[in-house]
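Chain by chain, the residues:
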Amino acid sequence: MVARSAQVQRIVQHVIDGASVSVVGQHWSGRSELLTQLAETLRGIGLATLQLRGIENTRPFEAFRAALPAVAPARGADADFATELSRLVKQLVAEGPVVVLIDDIDLLDEASWVLLEQLHKSFQIPIVGTSEVRNVSDPAERLLIKVAQPVVKLTLDELRLDEVHDLLEERLGDQVSPTLSGRIHMKSGGLPGFAVAFVDAARRRGRVRKHGLVWQDSPDLWSSELEGAFEALLFRYPEDTREALEMLVATGPLPVEQATALVGQETLEALEGRGLVRLFTAGSGPRVTVNPPGISDYFRHLPQSVRSIRLRQQIEEALGTDSSVVLAEQPTVPRQFADVIPQPEIPLLARAFRDAFEQDLDQTWAAWQGAKGPAEAARALELRLTGDAPAGQIEEIISRTDVADAHPTIALYLRYLRARWETSKELPLEAIEDTLRGDHDLGEPLAIEALLIGFRAERTEITPAALERIGEIAQHPGLAGEVGGLVYVAMHALGGRPCEALARFAQLPATGWVPRFAAPLRGLALVTSGRPQEALEWASSQLSVARERFDRSAMVAQAYVAVMALLTMSRYADATAAGSIVASGQFQAANLLFGPDRALMNALAIAARRSGRPGAVGTLIERGSRYTGRSDALPMGARDFPEALVTEIDEEPAETGRRYRALAADLAARGYAFSAAGSTMLALLIDFDLDAALEQRARLEKMGGTVFLAYLDARIAHQRRDPEALIEAARWLRREHANDSALKYFTAAARMLREDGLEDEATRVREEIAALMSSEDPATEVALTQVESTLGFTQREREIIDLVAKGMNNPGIAETLTLSVRTVETHLRNIRRKSGALARDEIGEYSSLR
C-alpha cells in the first residue's frame, strides 16, 4: 500500500510534542495502512505502542481484549480486566513513552471508550485515532477531542495522479503505463484501497498485461471480482442511499439544483457527508457526481431489473425525459499555478469527459448514418480525432460522405480533418497535400494554400519563404485571411518570432470558429516570448472554457501551454499537476495542426525527472511515442527528444549535453527556433558551458525571451561566482514569477557573500529571501525544502557531494569510495531529487568543503 511518509512524520512530531492526533479519511483512504506505518516508525525511535481497533456491537472492553489477549483472565470480570490493564499500562509508562493507536476509534465499545479516557488522563498518553470522514457529527459520536487534549486533526486527502502511479508500480513490481495509472486514478478517485482493488482484480483477470518491462491496460478494466470491493462500501448504507447513488450514476453529473430535485436535500447532504458524492466545477455552477467514480462502473454492470426500471421512471418524473445541461459561457477569473484544475476534481472531471465522449460517439455516429451529410460527417470525424475511435468508423465516414453539394467552408474543413487523420497515420506528405487540394474547386485557393504551407511547416521545416508567403495570405479578407492568420501565428511562435505571432493574434476574429483554434497558439507565443506567468493565466482561463464545453483537444493544448509555462518557472510538481487531467482522461488532439500530444508527454517526463521520479520517465515517453505524426516543431515534441532525455538518467552530464545540443542544431536548421532554444537551455542546465551560454543569450535577446535571459544571467553569474550579478538575476526571476529559481539563486548569492566574509551584504540578501517567502507569491514548499535539503542528505551522499565539489567524475568517485559506478549514479540521482541541482557545479554548492 502507499507510503504516506509525510503524514507519518507529521504525526510523529505531534506525538513527540505530547499532542494526540485525529486522522480522518474516506472509506479505503488508507487509514489502517497509515497506522501500520506509524507504528513501525514509532517503534523505530524507541516508543512503545498499544494498537486497538474499534468494532461495533461487541462485548465490553473488546478492543482491549483483542489487542492484549494475554492480559484478560479467561473468565475474569470486566472490573478485573480494567484493573489488570491499568497495571500493565502503568508498567509500560514506567519503562518508557507509550502511544495508543486506534483504528476506527468511533466504533469503540462504551467500556473501552471510558477506559481509554481514564488511561489518557492518568498517564497523559498520546492517542492517535482514525475515523471515517463525516461533515455532520452526531452528539453521541465518539470523537477523540472529547477524551484527549490537545488534539490535532489530520485529513487524508485523495492521492494525486503521480502518487497513484507510484503506488501501482510498487504493487505490480515494475513500470506502469501512464494510461493505466490515469484510468485507475480516475476510477478510484485517488483512494488507495480502491486503486489497489482495481489493479489486483485486473491483473488476476488478465485485464492488464506486461509488455516488456511495462504494465499496459486493456480496453475494459472492470471485472466481476470488483463487485465485492464496491459492495463492501455500498452495503454499509441503507437501501435508499444506494438507490440515490444509482440514480445519480444513471443521470451523470448534475447541477446541484437538479441533484436536489432528484434525491432530496437531506439525502444529498448525507451522501456528501459520507464522501459518496463530490462537487466539481463545470458549466454554470457546481455539479454533483458520485465518488469514487468507479461506483459508476459497478452500477452500470448490474443487469437490468424491476428496481432499475423503477429508478429510471423516478428520474424521468423528477427531471423530465431529457436531463442534459446547457453549459455556461467563459468565466473571466483565471486560476493560477497548481489550481489550473484542482487536484481532487481531476478523477471526477476525467470520468465526466469520458462519459461525454462515449455518449457523443454514439450520437454523432447515429446522426451521420441517418443523413450521410457533410456537416454530420465533420462533427463525427473531429470527435474521433480526439480519442480512441471505434475501428473502421473514420474510414467509413471518409469514404461514404457525399460532399458534392456541401458549403465550401464545410467541404474544406472535411478535407482538413481527413488530412489530420492521414497525418496521424504518417502518410506521405504528398498524399496529404492531394487530400487538401481535393478533386474539385471550392473557390478558396488561398485558404488551401495556407493549409498546405502549415502542413509542410509541421512535417518538414519553417522557411523564410514560407513565412513571407503566409504573411501575404494572412492579409486577405474572409476565410483565406482567417486560415492564413492562424497558420501565421503558429509558424512565427514556433519559428522564434513571438512578437509577430502575438501581434497577428490580436488581429484575428474574436468570434466564430477562429478563437477556438487560436487560443492555444496565443499561450504558446507567450511561452516563447519568455512570459510564462501570462501564459499560465491564459491557459488557466482557457482550460475553464474547455472543461465547460467538454472540448477534449483544447484540454490537451491548454494543458501543454500550462505545463510548459510551469516548467519554464521550474515548478516541476505543479507542471505534473497541470498535466494530470490529460494523463487521466486519455485525450488526444490529432485534429489540431501542430498537435501537442507527444510534446506534452515528453514535457511531463521532464517534470517527473526534475521532481525526483525517474521511474515515470520511461512510461511517459512510451505513451508519447504512440502519438504518431506529431510535429518536431513543438518544444520537447521532437521525435529524437526522448533519446536525449533518457541520458539524464543513465549517462554522464557531458553526454546528455552533447545529445541536447545535437538535437538543437538539427531543429535550428529546420527553422524550429523555439524548440531548438529549449533543447539548448536543457543542455546548459545539465552541462553548463560559459561560451555556449553567452551565444545562446544573444539569440534569445532577438526572440525576446525575458525569463530565459534571467535564467542564463543567473547561471552565468553563478559560474563566474559574481554574487552581485547573481542577486540581480534572482530579482529578475522574481519579477517573472519564477520564484523557486529566484529562491535558489538568492540563497547561492548569500552563501557566496558569506564565504567572502561580507556578512552584512549576505544579511541583506537573506532579508530579500524573507520578503519573497512572506509575499503573496512565495516560492513553493518543494523549493524551500530543496534549499534546506543539506539536512536530508545521507552520510554517503555527503561524501559524494564533497568529491563532486573537488571535480571528480563518477568512475573516480566509485574507485575512491569502493562503489560501483551504477551505485554512484543512483546516489547522484537522489542528490538531484533532494536539492533540485542539475549540473555538477550546483551539486558542489552543497559540499561541506564550502
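About the cut-offs
Residues numbered from 1 in each chain as written. Predicted model: local features only at pLDDT ≥ 70, side-chain atom pairs only at ≥ 80, totals over all residues. Heavy atoms only, no water. Helix = DSSP H or I, 4+ residues; strand = E, 2+ residues; numbered from the N terminus. Buried < 20%, exposed > 50% of the residue type's maximum accessible area, 1.4 Å probe, protein only. Polar contact = N/O pair within 3.5 Å; in protein donor to acceptor, adjacent residues only side chain to side chain. Contact = heavy atoms within 4.5 Å. Pairing = 2+ DSSP bridges. Axes fitted to C-alpha atoms, helices over the stretch in contact; angles between N-to-C directions. Core = buried A, V, L, I, M, F, W, Y, C linked by side-chain atoms within 4.5 Å. Salt bridge = Lys/Arg side-chain N within 4 Å of Asp/Glu carboxyl O.

Draft legend 1. Inspection of the side chain of Ser553 at higher detail. Summarising the element assignment, Ser553 is placed in helix α26 (residues 552-568). For Ser553, a relative accessible area of 2% translates into the label buried. A distance of 3.3 Å separates polar atoms of two side chains, one belonging to Ser553 and the other to Asp551. Residue contacts for Ser553: discarding those within four places in its chain leaves Thr386, Arg516, Gln588, Ala589, Asn591 and Leu592.

Draft legend 2. Looking closely at the environment of His165. On the secondary structure map, His165 appears in helix α6 (residues 161-172). In this structure His165 comes out as buried when scored by relative accessible area, which is 4%. A C-alpha to C-alpha distance of 9.8 Å links His165 and Ala195, two positions 30 residues apart in sequence.

Draft legend 3. Quick peek at the sheet that holds strand β8 (residues 214-217). The sheet built from three strands is open, its strands ordered β6-β8-β7 with mixed pairing. Of all strands in the sheet, those bounded by a partner on one side alone are β6 (175-176) and β7 (208-211). Looking at chain direction, β6 and β8 are connected through two bridges and run parallel. Within β8, the position partnered with Gln175 by the bridge is Val214.

Draft legend 4. Local environment of the sheet that holds strand β4 (residues 127-132). Ordered in space as β2-β3-β4-β1-β5, the five strands form an open sheet in which the pairing is parallel. One side of each edge strand has no neighbouring strand; the edge strands of this open sheet are β2 (48-53) and β5 (151-155). Here the strands of the sheet are splayed against their neighbours by 15° on average, with no regard to which way each runs. Sheet topology places β2 next to strand β3 (residues 98-103); six bridges connect them, and they run parallel.

Draft legend 5. Region of interest: the environment of Pro178. Looking at the secondary structure, you find Pro178 in helix α7 (residues 178-188). Along the sequence, Pro178 and Asp162 sit 16 residues apart, while their C-alpha atoms lie 9.3 Å from each other. The residues contacting Pro178, other than those within four sequence positions of it, are His165, Ala583, Thr619, Leu620 and Arg623.

Draft legend 6. Structural view of the nonpolar core. Membership of the largest hydrophobic core comes to 161 residues, with the highest contact counts inside it found for Met491, Leu567, Leu600, Phe641 and Leu733. It is α26 that provides the largest number of residues to this core, a total of 13 residues. Setting aside anything within four residues of it in sequence, one finds Leu567 in contact with Tyr572, Ala575, Ala603, Ile606, Ala607 and Met636. In terms of nonpolar packing, the next biggest core, distinct from the first, is built from 48 residues, Val164, Val196, Leu226 and Tyr298 among them.

Draft legend 7. Representation of the environment of Val196 in the model. Structurally, the position occupied by Val196 is in helix α8 (residues 192-204). The buried category is assigned to Val196, whose relative accessible area is 8%. Along the sequence, Val196 and Ala616 sit 420 residues apart, while their C-alpha atoms lie 18 Å from each other.

Draft legend 8. Expanded view of the pattern of salt bridges. Tallied over the entire structure, the rule returns 49 salt bridges. Across the pair Arg274 and Glu132 runs a salt bridge, and its minimum N-O distance is 3.9 Å. With Arg274 in the loop between α12 (265-273) and β10 (277-282) and Glu132 in strand β4, this pair connects stretches of sequence that are 142 residues apart. Accessibility expressed as a relative area gives 26% for Arg274, which makes it partly exposed. Judged by relative accessible area, which is 6%, Glu132 ranks as buried. Between Arg731 and Glu768 there is a salt bridge; the shortest N-O distance is 2.5 Å. Here the residue Arg731 occupies a position in helix α36 (residues 723-735), and Glu768 occupies one in helix α38 (residues 759-773), the gap between them amounting to 37 residues. Taken together, the shared-partner salt bridges connect Lys187, Asp297, Arg300, Arg351, Arg354, Asp355 and Glu358 into one network.

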